[in-house]
Amino acid sequence: MIGLFTAEEVRAAEEPLLAATPEGALMQRAAAGLAAVCGRLLGPVYGRRVALLVGSGNNGGDALFAGARLAGRGARVTAVLLTPDRAHGAGLTALRRSGGRVVPARNPGAEAVVARADLVLDGMLGIGGRGGLRQDAAVLARAAAAGAGITVAVDVPSGIDASTGEVDGVAFPAMHTVTFGAVKRGLVVGEGRGHAGQVHLVDLGLDPHLPTPTAWQLTDADVAARLEPPSAGDDKYSQGVVGVLAGSAAYPGAGVLCAGAALRTRPGLVRYAGGAADGVRAAWPEAIVTEGGPGGAGRVQAWVVGPGAGTDDAARTVLAEVLATDVPVLVDADALTLLAREPDLVRRRSAPTVLTPHDREFARFGTEVGTDRIGAARRLAADLGAVVLLKGDATVVADPDGTTFVNGTGTADLATAGTGDVLSGIAGAVLATSAATGLPAVEAAAVAAHLHGRTGQLAAQRGPLVAGDLVRRLPEAVGRVRGVGPAVLGDSPA
Ligand SMILES: NC(=O)C1=CN([C@@H]2O[C@H](COP(=O)(O)OP(=O)(O)OC[C@H]3O[C@@H](n4cnc5c(N)ncnc54)[C@H](O)[C@@H]3O)[C@@H](O)[C@H]2O)[C@@H](O)CC1
Ligand SMILES: Nc1ncnc2c1ncn2[C@@H]1O[C@H](COP(=O)(O)OP(=O)(O)O)[C@@H](O)[C@H]1O
Ligand SMILES: [K+]
């Protein structure tokens, strides 16, 4: 698991490390790692044009020292200084000694330096940045975006909040971010995620000083370890039976997608009860289908309730009935709308509950998501005593105890109707196994989000996707995450 940290946590960890290392040594480590990544991105370094955007703090110092290293390898490096009288002195000296040039940002030619560069290194603001970019910095960020060069952020893209990912106005659009010591949360969540590009972590020796993370990102290997394949002793019941309460005469597709996703994730046994019984029977002969409510469906180890299920009295009765049981329940879509009217239904539960709202469904519980998505998910989770999986570009999964996962997989191609129903089916299947495996509900939900995102990436390789494509590609995604078949997702599927 990759730990995710706030700027404050990183600052506090840096203090003892700075005290224990010779002056300037950490910045040299950072700059060496930064220059190495830039060198790899450039290919041949000799003769290439590099523009450094340099602010007044240590972030600018990192850029200047890295620029000096690239100039030493023959790159044509120009530093654009936002505040020439406050730029890092030793860094400036090093750059000049290596043959680098310096221009103030207010010089008329500064924007052209950025526009012509093969690589633009953003050292304007690091974790010391506060609020949005000022005008002069915003102009340079826009010039970098408009230019053809590779954009690389030093530690964090300038203009993003390193802890929340909030962007107030303009921020540097990085294709790559070389971050130091620890992954800052703002690189993987909120608008920051979209500005950070690919994140490269440079080890500064900070780990012993960092606190135990409260926010994490799962890797494929972490997910594989939580998705054990069946073994010789298993039967169709032993890893958990999923009950799907989704779909209606008006929206049969939600039931078909949800039940299909549950089956395709872990095909032990799926029970279906609801208004789309005929459709589910036709699509999934493997499912055990009943027309009535959950009471007549038989025993399950987790329920999924809500997708396409409607918000009438009958749907409310079904929701109340499953929430009154002592098995894990995943509440999605229409059932979230109902639950927002009666949140006490979930507060009283003894077994885990997972809620999977998108932003509009989240707002029905009383407050908007806002710009701090981790904070928002944690607040609702603590309030309701339920795991909250807040969907989006970077899905956030928060436990009532504050443990949080930020999903690292997925693609904007998932922004299509029905993909949420698929996520619910996947999560229901993983949740049902948790009784046997002891997997905490928050991890089950995070595993589901990861797998859903990977499946989306896989399906999107062939062009625009619809939700049914996800169901079809799920077994392959599970196989790949477990390391069966090509290990690299970028490979074209066999
Ligand atoms: N502390 C350490 O141990 C290390 C820090 N490193 C670098 O140091 C960075 C943090 O450095 P600093 O604390 O000097 O802070 P920054 O370089 O992030 O920026 C702080 C400076 O920017 C100004 N500023 C803040 N918000 C602004 C805004 N919106 N517009 C314009 N100016 C603004 C502040 O007045 C201050 O002068 C890290 O992100 C990393 O890049 C690395 O060198 C590795 C070692
Ligand atoms: N821009 C995006 N980038 C990545 N994932 C997205 C994006 N938009 C939506 N998603 C994902 O697609 C799914 C959509 O779910 P939802 O809004 O409930 O759709 P539906 O109700 O139609 O099934 C969620 O898993 C969400 O995280
Ligand atoms: K930066």
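Per an unreviewed UniProt entry, the protein goes by the name Bifunctional NAD(P)H-hydrate repair enzyme and belongs to Blastococcus aurantiacus. Recorded in UniProt for the protein, the comment headed Subunit (unreviewed entry) runs: "Homotetramer."

With that settled, consider the overall build of the protein. Of the regular secondary structure elements, the protein holds 18 helices and 19 strands. In summary, the protein has a C-alpha radius of gyration of 25 Å against a globular reference of 23 Å for 494 residues, a match within 12%. The principal-axis extent of the C-alpha atoms belonging to the protein is close to 80 × 45 × 40 Å. In the protein, the proportion of contacts linking residues at least 24 apart, taken out of those at least 6 apart, comes to 73%.

This brings us to the UniProt feature "domain: YjeF C-terminal" (unreviewed entry) in the protein. Residues annotated in UniProt with the feature "domain: YjeF C-terminal" (unreviewed entry) correspond here to residues 219-481. With 46% helix and 13% strand, residues 219-481 has its two end C-alpha atoms placed 9 Å apart.

You can read the domains of the protein as domain 1 (2-213) and domain 2 (220-481). For domain 1 versus domain 2, the separation of C-alpha centres amounts to 40 Å. If you look at the interface, domain 1 gives nine residues, while domain 2 gives nine residues. The leading source of residues in the side of domain 1 that touches domain 2 is helix α7 (residues 190-196), at three residues.

Our next topic: the UniProt feature "domain: YjeF N-terminal" (unreviewed entry) in the protein. According to UniProt, the positions carrying the feature "domain: YjeF N-terminal" (unreviewed entry) are residues 10-212. Across residues 10-212 one finds 39% helix and 19% strand; the C-alpha atoms that close the span lie 12 Å apart.

What follows concerns the sheet that holds strand β5 (residues 119-123). Here we have seven strands laid out as an open sheet, ordered β4-β3-β2-β5-β6-β7-β9, and parallel in their pairing. With partners counted over all chains shown, the strands left at the sheet margins are β4 (101-104) and β9 (198-202), one partner each. Strand-to-strand twist of the sheet, defined as the mean angle between neighbouring strand axes without regard to direction, takes the value 20°. Where strand β2 (residues 49-54) meets β5, five bridges bridge the pair, whose relative direction is parallel. Bridging from a neighbouring strand, Leu52 pairs with Leu121 of β5. Here helix α3 (residues 58-72) sits on the sheet in contact with β2, β3 (76-81), β5 and β6 (150-154), set at roughly 165° to β2.

Let's shift gears to the site of ligand 2. In the vicinity of ligand 2, 18 residues are found, and the nearest of them are Lys391, Ala412, Leu414, Ala415 and Gly420. A per-element tally of the shell around ligand 2 places helix α16 (residues 419-437) first, with four residues. Of the residues belonging to the shell around ligand 2, the class tally is six nonpolar, nine polar and three charged.

Do not read the fine detail of predicted coordinates wherever pLDDT is low. Averaged over every residue, the pLDDT of the protein is 95; the share at 70 or more is 98%. Counting interchain partners and residues more than four positions distant, the pLDDT-below-50 stretch residues 485-494 has twelve contacts. Across the interface, the model reports ipTM at 0.92; the global pTM reads 0.94.

Our next topic: unusual backbone geometry. The phi torsion at Asp155 lies on the positive side, around 70°, for a residue other than glycine. Relative to the elements of secondary structure, Asp155 occurs in the loop between β6 and β7 (176-180). The backbone of Ala333 sits at a positive phi, close to 50°, despite the residue not being glycine. Note on placement: Ala333 falls in the loop between β15 (329-331) and α12 (334-341). Note on Ala333: 25 C-beta atoms within 10 Å, which makes it buried.

The next point concerns helix α17 (residues 441-460). Its 20 residues place the ends of α17 28 Å apart at the C-alpha level, agreeing with the 28 Å of an ideal helix rising 1.5 Å per residue. When you tally the buried positions in α17, you get 19 out of 20 residues, the bulk of the element.

Before going further, it helps to spend a moment on the site of ligand 1. With respect to spatial proximity, 23 residues lie near ligand 1, and among them Gly57, Asn58, Asn59, Gly126 and Gly128 are the closest. In terms of residue class, the shell around ligand 1 is made up of eight nonpolar, ten polar and five charged.

Moving on: the nonpolar core. Residues Leu52, Val80, Leu121, Ala259, Val305, Val387 and Ala445 are the most contacted members of the largest nonpolar core, which totals 173 residues. Element by element, the count of residues in this core is highest for α17, at eleven residues. The residues that make up this core include at least three from each of domain 1 (2-213) and domain 2 (220-481). The residues touching Ala259, leaving out its near neighbours within four places in the chain, are Val244, Val270, Tyr272, Val280, Trp284, Ala287 and Gly425.

Cut-off values and rules
Residues numbered from 1 in each chain as written. Chains lettered and ligands numbered in written order. Predicted model: local features only at pLDDT ≥ 70, side-chain atom pairs only at ≥ 80, totals over all residues. UniProt positions renumbered as here; feature names shortened; annotations may be inferred. Helix = DSSP H or I, 4+ residues; strand = E, 2+ residues; numbered from the N terminus. Rg over C-alpha atoms; globule rule 2.2 N^0.38 Å. Contact = placed C-beta atoms within 7 Å. Domains from an automatic or database assignment. Pairing = 2+ DSSP bridges. Axes fitted to C-alpha atoms, helices over the stretch in contact; angles between N-to-C directions. Near = placed C-beta within 6 Å. Nonpolar A, V, L, I, M, F, W, Y, C, P; charged D, E, K, R; others polar. pLDDT = per-residue confidence, 0-100. Buried ≥ 20, exposed ≤ 12 C-beta atoms within 10 Å, placed from the backbone. Expected span 1.5 Å × (residues − 1). Core = buried A, V, L, I, M, F, W, Y, C linked by C-beta atoms within 7 Å.

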